[in-house]
Amino acid sequence: MVNDTGRVLSDEQWEALVKDVVAATGIEPGGDAAACRWGALRRGHRSVDLVANVIRQSGRWARIHQDTFHARSACDHYAGALTAHLAA
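These lines cover the structure that appears in this document, whether it is placed above or below.

Basis of the calculations
Residues numbered from 1 in each chain as written. Predicted model: local features only at pLDDT ≥ 70, side-chain atom pairs only at ≥ 80, totals over all residues. Heavy atoms only, no water. Helix = DSSP H or I, 4+ residues; strand = E, 2+ residues; numbered from the N terminus. Lys, Arg positive; Asp, Glu negative; His and termini not counted. Charge placed at Lys NZ, Arg CZ, Asp CG, Glu CD. Expected span 1.5 Å × (residues − 1). Buried < 20%, exposed > 50% of the residue type's maximum accessible area, 1.4 Å probe, protein only. Arc of directions from axis to C-beta. 1 Å grid on protein atoms, 1.4 Å probe; cavity = no way out; pocket = protein on both sides within 12 Å on 5 of 7 lines; lining within 4 Å. Points joined across faces, edges and corners; volume = space filled by probe spheres on them.

1. Details of the overall build of the protein
A tally of regular secondary structure across the protein gives two helices and two strands. If the 10 positive side-chain charges of the protein are averaged to one point and the 10 negative ones to another, these points end up 3 Å apart.

2. A closer look at helix 1 (residues 11–24)
Taking 1.5 Å of rise per residue, 14 residues should cover 20 Å, and helix 1 covers 20 Å from first to last C-alpha, within 8% of that figure. What helix 1 keeps buried is the set W14, L17, V18, V21 and V22. The buried residues of helix 1 all sit within an arc of 130 degrees when viewed along its axis, so they share a single face. Looking one or two residues past helix 1, G26 carries a phi angle of roughly 90 degrees, positive in sign.

3. What to know about the layout of surface pockets
Approximately 240 Å³ is the volume found for the largest pocket. V2, N3, R72, C75 and A79 are, among the 15 residues lining the largest pocket, the residues nearest its centre. Taken together, the elements giving at least two residues each to the lining of the largest pocket come down to helix 1 and helix 2 (67–87). Looking at which element gives the most residues to the lining of the largest pocket, the answer is helix 2, with seven residues.

Structural data, given as structure tokens:
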């Protein structure tokens, strides 16, 4: 994920964004104890790399249909909320 907002995000803001993306894509839906394992690595102030296993803890495939669309939507929503918050 790349930050094109022109704003420097804190670690907490990156964490919130990554959690929104993994929830939106079906990698780790909220409160799912059997969700997929994933990790994120922040690279400087502009980007985060996200790596996820698509096999759930139960051994079943995650429901990741249209995951790219859902990830992009989560990022767009977060960018819009961040911009609105900073403008207020």
